[in-house]
Amino acid sequence: MQQDNHKPGPTIPSEGQNGQSLANKIPAEHPMMTDNRSPLTTNVGQPVADDQNSLRAGERGPTLLEDYILREKLQHFDHERIPERIVHARGAAAHGYFELYESLSDLTTATVLTDTSAQTPVFVRFSTVAGSRGSADTARDVRGFAVKMYTPEGNWDIVGNNIPVFFIQDAIKFPDLIHAAKPEPDREIPQAATAHDTFWDFISLTPESMHMIMWIMSDRSLPRSFGMMEGFGVHTFRLINAQGKSTFVKFHWKPVLGVHSLVWDEAQHIAGKDADFHRREMWDSIKAGNFLEWELGIQTLTEDEEQKYDFDILDATKIWPEELLPVRRIGKMTLNRNPDNYFAETEQVAFNTTNLVPGIDFSNDPLLQGRNFSYLDTQLSRLGSPNFTELPINRPRCPVSNNQRDAQMRHTIDKGRVSYAPASLDGHSPDEATPAGGGFVSYPAAVNGPKVRARSESFGDHYGQAKLFWNSMSGPEKEHIVKALQFELSMVETRAVRQRMLEHLHKINEVLAGQVAAALGEPTSNGQVSAKPRGTADSVVGAQGLADATSETTASGGVQRSDALSMAHQPTSAKGRKVAILVTDGVDSQQVNALKEALSQAGAQGELVGPHLGDIDGKGGKLAAQKTYANTSSVLYDAVYAPGGSGMSELARQGDAHVFLAQAYKHGKPVAAIGESVALLKNSLPEGAIDANAGVLTQTGQNAQATIEQFVKAVGKRYWQRSLVETVA
Ligand code: HDE
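Computed from a predicted model, the values in this text were never measured in an experiment.

## Overview of the domain arrangement of the protein chain
Partitioning the protein chain into domains gives domain 1 (91-390) and domain 2 (578-727). Taking only C-alpha atoms, the centre of domain 1 and the centre of domain 2 are 37 Å apart. Taken together, the contact between domain 1 and domain 2 spans eight residues of the former and five residues of the latter. For the side of domain 1 that touches domain 2, the class distribution of residues is two nonpolar, two polar and four charged.

## What about the UniProt feature "binding site: heme" (unreviewed entry) in the protein chain?
As recorded in UniProt, the feature "binding site: heme" (unreviewed entry) lies at Arg85, Arg125, Phe174, Arg371, Tyr375 and Arg382. Along the chain, Arg85 turns up in the loop between α2 (68-78) and β1 (91-100). Take Arg85: there are 21 C-beta atoms within 10 Å of it, and that puts it in the buried class. Its location among the elements puts Tyr375 in helix α9 (residues 366-383). Residues within four places of Tyr375 in sequence aside, it is in contact with Phe351, Asn352, Thr353 and Thr354.

## Some points on the packing of helix α4 (residues 197-204) against helix α12 (residues 495-508)
The contact between α4 and α12 brings their axes to 9 Å, and the two run at 40°. Comparing their axes, α12 and α4 come out oblique. Taken as a pair, α4 and α12 cross one another with a handedness that is left-handed. Along the contact surface, α4 presents Asp197, Trp200, Asp201 and Ser204, while α12 presents Val497, Arg500, Met501 and His504. Here the contact of α4 with α12 is composed, by residue class, of three nonpolar, two polar and three charged.

About the criteria used
- Residues numbered from 1 in each chain as written.
- Predicted model: local features only at pLDDT ≥ 70, side-chain atom pairs only at ≥ 80, totals over all residues.
- Domains from an automatic or database assignment.
- Contact = placed C-beta atoms within 7 Å.
- Nonpolar A, V, L, I, M, F, W, Y, C, P; charged D, E, K, R; others polar.
- UniProt positions renumbered as here; feature names shortened; annotations may be inferred.
- Helix = DSSP H or I, 4+ residues; strand = E, 2+ residues; numbered from the N terminus.
- Buried ≥ 20, exposed ≤ 12 C-beta atoms within 10 Å, placed from the backbone.
- Axes fitted to C-alpha atoms, helices over the stretch in contact; angles between N-to-C directions.
- Parallel < 35°, antiparallel > 145°, perpendicular 65-115°, else oblique.
- Left-handed = near helix turned anticlockwise from the far one by under 90°.

Okay, structure coming up:
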């Protein structure tokens, strides 16, 4: 059943290949065609002699209905598309494995978290949420971070995001949130963007979303690459040990390369220059052997501590500050293989929050409880049959055995008469696994209380952690949040919506609100929120949320500032980065080669950008330009280097070279120029911009080695202190 794509299954050899008749070579098992090298056949295996011409009555006559080969081909094509995911439609994925550092047997019975000798296969899909399948990778959006682990006890999915909190507290609001965020239904505008009235209308009436809004307006929603994003399980789950003891847990994926982002202007340009920026980067990295790595971390909390803090651990709009509850790193995930087929794997993969293994269980988080219904339901509509779990990418790697039968597209051929239990015939039904034998047992959490549609008061603070996030940001990060809100809200046409948002922002921080208000041409708010949210949230919000106009941070366990929330404290290095090296005839080839070597030693890649592809007549040897100004752009690189060489003064006449340097400068990236290129750099940047401390390096002599070393150290950094960034490019 399980077909390894690297070992193609038996295919029917052609007569031409071995001189024998086809009939003699029919394999005993069903052939599953995994490549296209065998003779062309119809879908029922009939060899096709002519795939260029349909069957017609005479060479110039009408096509015959009899041409079942034409009809089969067109018909299959007509049905190629399946519905795209209602959210997270655009995604890219990779295969890999997970290895555990230390056994968590004190906390859980799950083999994947206790067996340190195992290498658990994984498939991970990253996605944007709002855009359709063909939208651009760099839209401002939360990223999906969905991990499927093929464990010996069944598939375990952590269907997470790159932001640790969510917009809403209750699953019943999810369709409203998504309807508001998606293109407006009358005009189908805008694509993959939240900068429009319906989104901000909903948000301005949903105070519980304010913490998430701070994250989404920060550069976290503009990741530099998938491998430079954190992942979060978001909800609180439970780990259950052999004694049946439950411990609350939150899951984190910590990227080995650190967490790094783009800036908004850059992200917008990338969307036009390379809409596939993130998926291409992941594909190329894996292909080049630069695998993506994350450590799995856990935060844990005992049952006794459930009510210890001033945030509710069942509220998905709250984090557990790491300063309070440190993240313990327990294993590493490596993505090392690209999919063989996008549709079969990345499109057909079906994640589900209910894919759990014994030793892990849910909490009562009402968002998680709602998701537990939604994922199976959506797969049935998207993939068309309950047999989607038999698709190779979804099928567990451990045995599957039960009495479920039939339905569309059944692959498994169940033998025998028994498809029921209890049964005594035919060696009877599969036996249930006992709890001691590893059978899944739900944690027997005590439940009581009246049936109500109400939200707990403990979910009532909507501004405390938004403040914590704001207070934890560096200066440049705050500036980017302000600019994001200025941009988004200025796109909102309805003034009342803009004003309501300013009222919320005022409750988070007055300076923030003031700066956004100034850009919108509005007076600063008095801190009163005029519109109350509808429904059950109303009374709850009144209790703590809307009433709280102080600047004190609440719902954060006393933590006022958390370095873990800011990207300013993340390690930077050249690893995984891409550098543009501008070349033209007469460039110093040795210098270019020395730079490329130094970059490669540091795990970065130097790409030669020239006026044309191919041969560049360098001083000291030929070079090959890999890109031209026509097919690439400064925004696709982390740094730009203009080498020396007697011919390089010519670069000053190439207008695109100016744009390359100026744009890199604007986006805070390191830039360097040597010898003949120094004049070009000076002319491209504002006066006073040449400053090694601000990542603008020059070297007038020809000995570039020291500058190369300095430059390579700078690659991966962004220099936000450049005060003149607004004046260029
Ligand atoms: Fe999802 N979400 N979601 N979600 N979600 C889907 O399932 C849903 C939520 C997340 O790469 C859908 O297969 C509800 C939070 C990811 O295939 C759907 C609620 C988080 C992916 C669905 C949420 C996520 C999805 C659409 C509120 C982070 C992509 C297609 C209760 C913890 C998985 C599909 C992939 C996809 C429902 C909220 C993450 C409709 C009802 C919170 C990463 O079932």
